[in-house]
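Report on the structure
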Amino acid sequence: MKNNIKKSNSSYHRWKWFSYSYLALVEIGLKKLREEINHPSNVKDIKHYFVFCKKYLFIPIIYNLKHALEIILKGLNIQGNNGYIQTHDIMLNNNALQSIINESTDNQNINTLIDIINKYYRMEFFNKILVQKIKISDIHNDIFRFPENSVKFSLDSECFGRLKKQEINEFIDELEKDIALLFKLLITISEDISDAKKI
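Fair warning: this is a prediction, and the values are worked out from it, not measured in the lab.

On to the overall build of the protein, then. In terms of regular secondary structure, the protein is built from seven helices and two strands. When its helices and strands are written in sequence order, the protein yields β-α-α-α-β-α-α-α-α. Put simply, the protein has 199 residues, and 47% of those count as buried. Split by element, the accessible area of the protein, about 10700 Å² in all, is 54% carbon and sulfur.

What follows is about the nonpolar core. Counting 50 residues, the largest nonpolar core has F58, F126, F144 and F160 as its most contacted members. Looking at this core, the elements that each hand over two or more residues are α1 (12–38), α3 (58–81), α5 (107–121), α6 (124–127) and α7 (165–198). When residues in this core are grouped by element, the largest group, 12 residues, is from α3.

Here we come to the packing of aromatic side chains. Across all of its chains, the model carries five aromatic pairs by this definition. Relative to F160, the ring of F58 has its centre 5.0 Å away and its plane inclined at 35°; by these criteria the two rings are tilted. Here F160 lies in the loop between α6 and α7 and F58 lies in helix α3, a separation of 102 residues in the sequence. Overall, the relative accessible area of 2% leaves F160 in the buried class. Following the ring pairs from residue to residue traces out a cluster consisting of Y49, F50 and Y56. Residue placement shows K66 over the ring face of Y121; its charged tip is 4.7 Å from the ring centre.

With that out of the way, let us pick up the environment of N118. Looking at where N118 falls in the secondary structure, it is placed in helix α5. With relative accessibility at 10%, the residue N118 sits in the buried group. Residues within four places of N118 in sequence aside, it is in contact with M91, N94, M123 and E124.

Where α1 meets helix α2 (residues 46–53), the axes come as close as 10 Å, and the angle between the chain directions of the two elements is 100°. In terms of orientation, α1 lies roughly perpendicular with respect to α2. Contact residues: K32, L33, E36 and I37 in α1; H48, V51 and F52 in α2. For the contact of α1 with α2, a count of residues per class yields four nonpolar, one polar and two charged.

Let us look at the packing of α3 against α5. Where α3 contacts α5, the two axes come as close as 10 Å, and the packing angle between them is 140°. Helix-helix and strand crossings are classified by hand; for α3 and α5 the assignment is left-handed. The residues of α5 that touch α3, namely those facing L65, K66, H67, L69, E70, I72, L73 and L76, are L113, I116, I117, Y120 and Y121. Residues of the contact of α3 with α5, tallied by class, amount to 10 nonpolar, one polar and two charged.

With that settled, consider the environment of G161. Within the secondary structure, G161 sits in the loop between α6 and α7. You can call G161 partly exposed: its relative accessible area is 22%. Taking the C-alpha atoms as reference, G161 lies 7.9 Å from Y56; in sequence the two are 105 residues apart.

A surface patch of nonpolar side chains, about 300 Å² in accessible area, is lined by I46, Y49 and F50. Turning to its location among the elements, F50 is positioned in helix α2.

Bringing unusual backbone geometry into the picture now. At K55, a position not held by glycine, the phi torsion is positive, near 60°. With respect to the secondary-structure elements, K55 resides in the loop between α2 and α3.

Another point: the pattern of salt bridges. When the charged atoms of two side chains with opposite charge come close together, those side chains can pair. Under the defined criterion, the tally for this structure stands at five salt bridges. A salt bridge links D173 to R34; the nearest nitrogen and oxygen atoms lie 2.7 Å apart. With D173 in helix α7 and R34 in helix α1, this pair connects stretches of sequence that are 139 residues apart. Two residues, E176 and R34, come together in a salt bridge whose shortest N-O distance is 2.8 Å. You can see E176 sitting in helix α7 and its partner R34 sitting in helix α1, a full 142 residues away along the chain. By sharing partners, the salt bridges in this structure join R34, D173 and E176 into a single network.

Reading the values: rules and limits
- Residues numbered from 1 in each chain as written.
- Predicted model: local features only at pLDDT ≥ 70, side-chain atom pairs only at ≥ 80, totals over all residues.
- Heavy atoms only, no water.
- Helix = DSSP H or I, 4+ residues; strand = E, 2+ residues; numbered from the N terminus.
- Buried < 20%, exposed > 50% of the residue type's maximum accessible area, 1.4 Å probe, protein only.
- Areas by Shrake-Rupley, 256 points an atom, 1.4 Å probe, with all protein chains shown as cover.
- Core = buried A, V, L, I, M, F, W, Y, C linked by side-chain atoms within 4.5 Å.
- Phe/Tyr/Trp six-rings, centres within 6.5 Å; stacked < 30°, edge-to-face > 60°.
- Lys NZ or Arg CZ within 6 Å of the ring centre and 35° of its normal.
- Contact = heavy atoms within 4.5 Å.
- Axes fitted to C-alpha atoms, helices over the stretch in contact; angles between N-to-C directions.
- Parallel < 35°, antiparallel > 145°, perpendicular 65-115°, else oblique.
- Nonpolar A, V, L, I, M, F, W, Y, C, P; charged D, E, K, R; others polar.
- Left-handed = near helix turned anticlockwise from the far one by under 90°.
- Patch = residues over 30% accessible without salt bridge, like charges linked within 9 Å, V, L, I, M, F, W, Y side chains within 5 Å.
- Salt bridge = Lys/Arg side-chain N within 4 Å of Asp/Glu carboxyl O.

Set out below in C-alpha cells:
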C-alpha cells in the first residue's frame, strides 16, 4: 500500500477544512430543502419545480456529502501516512486508512466512520428509496456527479419526487444526524492518529 501513496503538498488541516466546507454546504442544502418541503413558497418557475418539487436538490447534497467523505479519508491518510491514494475509489482509501491504525487508536470511532462511508458509497440509504429490485454501489462517487456515469446507472428522474413529505423529513433527519457525527468523528479520529504517531 505504501508504494501507492501520493505525498501531499498540503497539510492535513487544509484537507480537514475542505471536508468541513463540503459538509457545511450539505447542511445548508438540507435546511433549504426542509424549509421548502414543510413550508412551500409560491414560486412557480422551472428552477423551483426541478430543485424543490422534484427534489433534485438531493443530487448535489448527496454528491457533496460523498465528496466530503472522500476528503475525510484522504485527509486522515495524510495525517497518518503523509500522503493519500490518488483515486476516487473509496475502498482503496479506506484500506489505506485502516493500515495506519494500531492498538492505540479507538477502533470504535474508525468503525463508525467506515459504517457511514459504506452507507453512502454502497448506496444503502438510496437502495431503500429505489423501487427497482437491483442494488447499486457507487465506490467512485459517479452516480450523483453526472447524468451518465461509470456505474451505468441512470437516476430515475422521479426517485426523489415521489417521496412523501414524511419520508423526505426522515431522510433529511438521517443525513443531518450522520453529518453531525462526521464532524465529531473527524476530530476524535484525528486526535487518535496524532496520539498514535507520538508512540
